[in-house]
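Analysis of the macromolecular model
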Protein chains: 2
Amino acid sequence: MTLQTLKWIPLGGLGEVGKNMMVYEYEKSILVVDCGMMFPESDMHGIDAVIPDYQYLKDRKDDIRGILITHGHEDHTGAVPHLVKEFPGVPLYATPLTRGLLDVKLRGARYSETPLHTVPTNAVLDIGPFKIELFRMCHSIPDNVGYGLTTPAGLVVHSGDFKFDHTPVDGHKPDFARLADFAGRGVLALLSDSTNAEQPGITPSEKAIEPALENVFRDADGRIIVATFASLISRIQQVINICEIYGRKLAMAGTSMVDNVKMAQKLGYLSIPEGMLVRLEDTLKMKPNEVAIMATGSQGEPSAVLARMATGKHPVINVQKDDTIVISAHSIPGNEEYVHRIINRLFQKGANVVYSPLARVHVSGHASQEEQKLLISLIRPKYFIPVHGELRMLKAHASLAVDLGMPPDHVFVVENGMPIAFTDGVAQQLERTPGGYVFVDGSGVGDIGPTVIRDREVLSRDGFILLVLRRNGDGHLAEPEIITRGFIYMKGAETLIKAMNGAVTDALKNTNGATSETAIKDKAAEALSKFVYAETRRRPMIIPVLA
Amino acid sequence: MTLQTLKWIPLGGLGEVGKNMMVYEYEKSILVVDCGMMFPESDMHGIDAVIPDYQYLKDRKDDIRGILITHGHEDHTGAVPHLVKEFPGVPLYATPLTRGLLDVKLRGARYSETPLHTVPTNAVLDIGPFKIELFRMCHSIPDNVGYGLTTPAGLVVHSGDFKFDHTPVDGHKPDFARLADFAGRGVLALLSDSTNAEQPGITPSEKAIEPALENVFRDADGRIIVATFASLISRIQQVINICEIYGRKLAMAGTSMVDNVKMAQKLGYLSIPEGMLVRLEDTLKMKPNEVAIMATGSQGEPSAVLARMATGKHPVINVQKDDTIVISAHSIPGNEEYVHRIINRLFQKGANVVYSPLARVHVSGHASQEEQKLLISLIRPKYFIPVHGELRMLKAHASLAVDLGMPPDHVFVVENGMPIAFTDGVAQQLERTPGGYVFVDGSGVGDIGPTVIRDREVLSRDGFILLVLRRNGDGHLAEPEIITRGFIYMKGAETLIKAMNGAVTDALKNTNGATSETAIKDKAAEALSKFVYAETRRRPMIIPVLA
């Protein structure tokens, strides 16, 4: 490596490249950008969360100069508690609201050794060999930033999650001036958010949902419950504003919603009229048409607040006839089924449900194609790397760049763990390093791998049969005992179980005291497996135990 | 009941009302319309298919006069083999292509006792007290019909799956004349397809995908693989047409695709130029730009043809650089994740992938709001019952009817198993009957219930721990043996397992030969469960066995 090499590596994310974490490396100095978590995919059985595999960083512990967090959403901050525990002493830089959300998240976590720096959205930071110029970009949360990273190898612009919103809820528009300034200086590479690269046109402003919210508040005779993500601070402000117009009190449901609102209000990121906020319990004593509630659970998760309200399992609120429920969030892929199910349940309860596409009660926080093109045209980078998206989105984003006239060999579509080195102004793809993800299950991080997931898959399909074999006094085998779970309802399947017993007994009739334990178990399991498949076309896991 | 009562009951369907089966009953005569199957939802672990619960029919076996099938898609025909086996001798009526698809499906099934009637799309049938007038409606398959059912209680119009397509692939437009004729006679009730009741506007014609297909065939230098449902006969014809224009040979991949094409060609529903069809194997010897392939697996199912081609597991075709893959189907809710994953895999292989929304290579076969309004306006029914949809869609469809001026109390939104009786021209909702669904798992139908599914859910989350307890000669317990699957990777977890052993041994230290088996097992399981949760925050199923 020459002195002029900047290396960039996308890490983590479930196939979404660089979504959750990225690494910039110049000589022996490393900067980490974001550290988020993802919802597991539906066949990652029992996994609670997925976080980046940062083995690469563990091997270079002493080189890490700082951690930058672009904004306060889970997919960019969710794994920060793991990261700061792993690398105590590494300073962390975040804008005020992002810092506030991290404080809520880290409460109780031991991160006292992490120097936390709250920085303004237009900060210029000097961290080791990196000069980092923050710039505001719009998203569905305030204080969201991108970075211009200058090293001797050149200037790289990192968009962060963004959209070009000309009427953002907090009034803060994108920092076009700094973007233009970068362009004037000459940009080596642009890394840009690909989430909506399949969507033509322009993503509507956050403001676009207000007419639909207005309709709801104007027409509703009963309570209004707005479900959204707890970190969509801008959305919360919009609901506050409309509550003020229509004279409704507002209560928060869901711990993260309550905590975030408290923090954001304290920091001045939510402007809430005196007396508007009430406790959830207090709404029960009020007239329904004077009540609005904001709740978590917009993804239909069965254990979350909205689902519990819909199924009568919430301690305070039970959805009733004449309630109006607004689903003000998009469904994360894989959650559509749950979201649809909860909408149906709410209708069953007699509630009115307002959701996309019936009404525009949510807009995306990510740029669509025309905005993505605008950013490329503004920045005029030498190289373009689409990030934050599955391969299909990166491909679509790359096509846009080529359509704008960028040479195809100056556009890099890479996967997680595939570094790109910029040396003396020329980009080159390096060999792959580990850069995937790690499962979090309960309190375990990384202890569940493919074998366990495969077993869970088999168990989830057809359950298991436990075959307990006992020897008689004479060394011969007594009639086996069969226990099943998830295979068949044992009461009512006596005939089948008896036949299964018979099949095992048959298979073992020639064994005696001299037959090895392994041979007995294998013979029995094989015979049982064959018999069960022939009878039921199912393949439960079979566990023979010789007692 | 008076002599003038017609009863209607929607049965089956996963919350989609009357999607898979409906029953019309007049005096002691029953007509069954459709008998389809559904894909299980993602938390119906291990279930292969879901079919209607037709207990209602079993109790009235002798009253069933006939089975009508509207069209040849799985969600309307998939459970016919079960139905004809259950009710031998009941005649079945289907239009020619539908009959052909049923023949393919029933091949090998014992249904020789079912009188099968092939009827034209404008047939008028007299079945018991029912006069049934078929009328053509457009959908994504030819020979799709709706019904006008006349009894002394009045005329009910049953739309079937439909869209108003003015340029259908087979040239057969909806039978507007018969619809108008019904309206002239006065329609007691309209039952209409709600699938797209959340979609504003008009669903584009099947023809609308042809420009996108043209682009693909014009630009592709390599093979073209079009993935779709095997029963989308119209789509298959469209691909044949474009292959002819661009001089490509066409091969079929997937048994159902091969069988359906053979049958549809024989019956004259596919017009295939002489010499165009080739065997899949033969395409390997041809130039890539002379080859097109139609394949099943458009839902991304890991074991289906497309997924196997993408992962190198298909015996003949391995997706390679320069292949163009067209995903010409929508994702059934719950399958989005799989479909996205396969698109990413195909890109990884270096293929070009063409899919919605990047190109219009699929259109829905169901009417959108403006077409739904048109049907209501054409038919001018006294009562309106939205069917074929989840509750949220029915609600949206009902709103449309009310917007058109129908009195709200003449619009019935019901769930499966909720009958409506039309007596002397007045509709009334009756008490609920069983009308849900039944699970098919392997060769078992209805033997898997909620208990087994719940066990599978627990097993899929955290697996199980098998705790084998043995008594020593003196009646005391030896050190327990622990076997786990799906809980933790046992190699590498020796310390934890040893500690688990210790926890159990501790819990049992005061037991002796006099302690009951149940007490020993309960004590051990409880101690282990507590210990494991404290250590791992996981809740595996624990099975104690006393050997």
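Presented here is a report on the structure given in the accompanying data block.

Definitions and cut-offs
- Residues numbered from 1 in each chain as written.
- Chains lettered and ligands numbered in written order.
- Predicted model: local features only at pLDDT ≥ 70, side-chain atom pairs only at ≥ 80, totals over all residues.
- Heavy atoms only, no water.
- Pairing = 2+ DSSP bridges.
- Helix = DSSP H or I, 4+ residues; strand = E, 2+ residues; numbered from the N terminus.
- Contact = heavy atoms within 4.5 Å.
- Buried area = accessible area lost by both parts, 1.4 Å probe.
- Salt bridge = Lys/Arg side-chain N within 4 Å of Asp/Glu carboxyl O.
- Polar contact = N/O pair within 3.5 Å; in protein donor to acceptor, adjacent residues only side chain to side chain.
- Nonpolar A, V, L, I, M, F, W, Y, C, P; charged D, E, K, R; others polar.
- Phe/Tyr/Trp six-rings, centres within 6.5 Å; stacked < 30°, edge-to-face > 60°.
- Buried < 20%, exposed > 50% of the residue type's maximum accessible area, 1.4 Å probe, protein only.

Residues and elements named next belong to chain B. The 3 strands are arranged E4-E22-E23 in an open sheet whose pairing can be described as antiparallel. Strand pairing shows two members of the sheet lacking a second neighbour, strand E4 (49-52) and strand E23 (444-445), which therefore form its edges. Two elements, E4 and strand E22 (residues 437-441), share 4 bridges in a ladder whose sense is antiparallel. In the sheet register, Pro 52 faces E22, and the bridge partner there is Tyr 437.

It is worth spelling out the interface of chain A and chain B at this point. Across the boundary between the two partners, chain A contributes 62 residues, which contact 62 residues of chain B. In this assembly, chain A packs against chain B so that about 5,200 Å² is buried in total across both faces, 56% of it on carbon and sulfur atoms. Interface area lost by chain A to chain B is led by Glu 337, Arg 392 and Arg 538 of chain A, which between them contribute 11%. Between Asp 43 of chain A and Arg 341 of chain B there is a salt bridge whose closest N-O contact spans 2.8 Å. Our count for the chain A to chain B interface comes out at 32 residue pairs in polar contact (both at pLDDT 80 or more). A total of 9 residues in the side of chain A that touches chain B trace back to one element, the largest contributor, which is helix H10 (residues 336-348) of chain A. The residue inventory of the side of chain A that touches chain B, partitioned by class, reads 24 nonpolar, 17 polar and 21 charged.

Our next topic: the packing of aromatic side chains. Per the stated rule, a full pass over the model turns up 17 aromatic pairs over all chains. Ring centres of Phe 464 of chain A and Phe 464 of chain B lie 4.2 Å apart, and the angle between their planes is 25°; on these two criteria the pair is classed as stacked. Pair noted here: Phe 464 of chain A is in strand E23 (residues 464-469) and Phe 464 of chain B is in strand E24 (residues 464-469), and the two residues belong to different chains. For Phe 464 of chain A, a relative accessible area of 1% translates into the label buried. Arranged with centres 6.2 Å apart and planes meeting at 45°, the rings of Phe 217 of chain B and Tyr 246 of chain B form a pair that is tilted. You can see Phe 217 of chain B sitting in helix H6 (residues 210-219) and its partner Tyr 246 of chain B sitting in helix H7 (residues 233-246), a full 29 residues away along the chain. Overall, the relative accessible area of 2% leaves Phe 217 of chain B in the buried class. Connected via pairs of aromatic rings, a cluster forms that spans Phe 162, Phe 164 and Phe 176 of chain A.

If you trace the backbone, Asp 441 of chain A turns up in strand E21 (residues 437-441). Judged by relative accessible area, which is 1%, Asp 441 of chain A ranks as buried. Apart from the residues within four sequence positions on either side, Asp 441 of chain A is in contact with Gly 46, Ile 47, Asp 48, Ile 448 and Arg 456 of chain A together with Arg 461, Asp 462, Thr 536 and Arg 538 of chain B.

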